[in-house]
There are 2 protein chains.
Amino acid sequence: MPQIDFFYFFGSCYAYLSVMRIEKLAEEAGVEVRWRPFSVRDLMTEKGYFLRTQPTKMDYIFRDVERRARLHGIPFEKPPIWPTDPDQLANRAGIAAFIQGWGREYTKTSFRAWFDGMPLGAEESLNEILTSLGKEPQSIIDLANSPEIRERYNQETDAARQLGIFGSPTFAVGQEIFWGDDRLEEALAWAKGQHPALLR
Amino acid sequence: MPQIDFFYFFGSCYAYLSVMRIEKLAEEAGVEVRWRPFSVRDLMTEKGYFLRTQPTKMDYIFRDVERRARLHGIPFEKPPIWPTDPDQLANRAGIAAFIQGWGREYTKTSFRAWFDGMPLGAEESLNEILTSLGKEPQSIIDLANSPEIRERYNQETDAARQLGIFGSPTFAVGQEIFWGDDRLEEALAWAKGQHPALLR
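Each value, and the rule that gives it
- Residues numbered from 1 in each chain as written.
- Chains lettered and ligands numbered in written order.
- Predicted model: local features only at pLDDT ≥ 70, side-chain atom pairs only at ≥ 80, totals over all residues.
- Heavy atoms only, no water.
- UniProt positions renumbered as here; feature names shortened; annotations may be inferred.
- Least-squares fit on C-alpha atoms with pLDDT ≥ 70 in both.
- Contact = heavy atoms within 4.5 Å.
- Helix = DSSP H or I, 4+ residues; strand = E, 2+ residues; numbered from the N terminus.
- Buried area = accessible area lost by both parts, 1.4 Å probe.
- Salt bridge = Lys/Arg side-chain N within 4 Å of Asp/Glu carboxyl O.
- Polar contact = N/O pair within 3.5 Å; in protein donor to acceptor, adjacent residues only side chain to side chain.
- Nonpolar A, V, L, I, M, F, W, Y, C, P; charged D, E, K, R; others polar.

In the annotation of an unreviewed UniProt entry, chain A is listed under the name 2-hydroxychromene-2-carboxylate isomerase and assigned to Microvirga aerophila. As recorded by UniProt, the Catalytic activity (unreviewed entry) comment attached to chain A reads in full: "2-hydroxychromene-2-carboxylate = (3E)-4-(2-hydroxyphenyl)-2-oxobut-3-enoate". In UniProt, chain A has this text filed under Sequence similarities (unreviewed entry): "Belongs to the GST superfamily. NadH family."

Structure follows, in structure tokens:
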């Protein structure tokens, strides 16, 4: 079965659109998706590029995400709290959740909560999100703060770095990368060998 | 007739895709297009954002433009010379060409030449491009270097700045802006009042 890697960051506005879209599209395409939280923040910091110093661009991004959400029939009430997850705890909890097999539900619940007004990574948010998934919050938070999970998160970030990834979300088919939710359909076509650039 | 403003920079890779696509799509949509060269370079410099210090991202952009060109059936042989047009002369010549009524042909010829290996704004390139359009190169270059055309170019850049534009190409429908060739279809739908975000 064809496969794509879905690299995303808890705290990336455009990743919200992909989180809400990818399962249905991938199923229709017959493509398997590997969900891979990574630290786009670390990669952007390395490159000296900070969206938080670009308020004009951020205003545009919130508006664009809103329009794209409407286009795809995805809930959007108001721009989410941003930046969020200062310690990247929500991201590391994601790593822990995937290891335990409930990562997709955790991801979808977290992004919905974020666009519903919650800050990602805050204790109250994690308590509510994890409890709603039937998990004991403190044990997951402890795990997310363990050296093993930190190391695994760094490894995922390094995998993204090696692929030349610089933004979230990014889809990878082998070494071929596609940046942005608006490239999801292209990435799926690529995975199936049906992208026009492959058929010349 | 609905109208959109097409803000673009001679030297923006993604603008090539829009230059090659916009006439047919706008005609099909019944939307009038106002072509407006502006200095995205000045706006990015003001904001302290330089793509030339982001080689990983530029590698991606060239690859993405290639894939998108294939997707749309647009010629793409190899990545263009970039950055190009150091003095923004090709851009100011564009301003002059639009005032004289042959701006679209100049734009299309210039972008095709750029993706065919020519640097934009170089004397040899301008000689070849302008001559092929039946113009006398030196008189156009002199005009492009005149205070009046410089001022007009700055005014167009300021119009973009006032709209919150930060990248090229950007499409504007009144105050609503759409950044990137991949938003062209959305901008046309917006101009016609048919974008899903307008129909809620």
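Still more to cover.
Engineer: How should I be thinking about the relation of the copies chain B and chain A in this particular structure?
Structural biologist: Both copies of the chain are related by one operation, a rotation about an axis with a shift along it. Structural alignment of chain B on chain A gives an RMSD of 0.0 Å, achieved by rotating through 180 degrees and translating 0.0 Å along the axis. The transformation just described matches what one would write down for a two-fold rotation axis. Both copies contact each other with a shared surface, as 100% of the interface residues of chain B are interface residues in chain A too.

Engineer: Mind showing me how you'd approach the environment of Q194 of chain B here?
Structural biologist: Here Q194 of chain B lies in the segment after α9 (184–191). The contacts of Q194 of chain B, once residues within four sequence positions are left out, are A189 and L199 of chain B.

Engineer: Quick question: what am I supposed to make of the interface of chain B and chain A here?
Structural biologist: Bring the parts together and some accessible area is lost; that lost area is often taken as the interface size. In this complex, chain B contributes 27 residues to the contact, which on the side of chain A involves 27 residues. Here chain B meets chain A over a buried area of about 2,900 Å², counting both sides, of which 53% is carbon and sulfur. Linking chain B to chain A there are 10 salt bridges. Across the salt bridge formed by D64 of chain A and R183 of chain B, the nearest N and O atoms sit 2.8 Å from each other. Here chain B is connected to chain A by 16 residue pairs in polar contact (both at pLDDT 80 or more). When contributions to the side of chain B that touches chain A are tallied by element, the ones reaching two or more residues are α3 (55–72), β4 (176–179) and α9 of chain B. Counting residues per element, the side of chain B that touches chain A draws most heavily on α3 of chain B, at 9 residues. Its residues placed into classes, the side of chain B that touches chain A shows 11 nonpolar, 4 polar and 12 charged.

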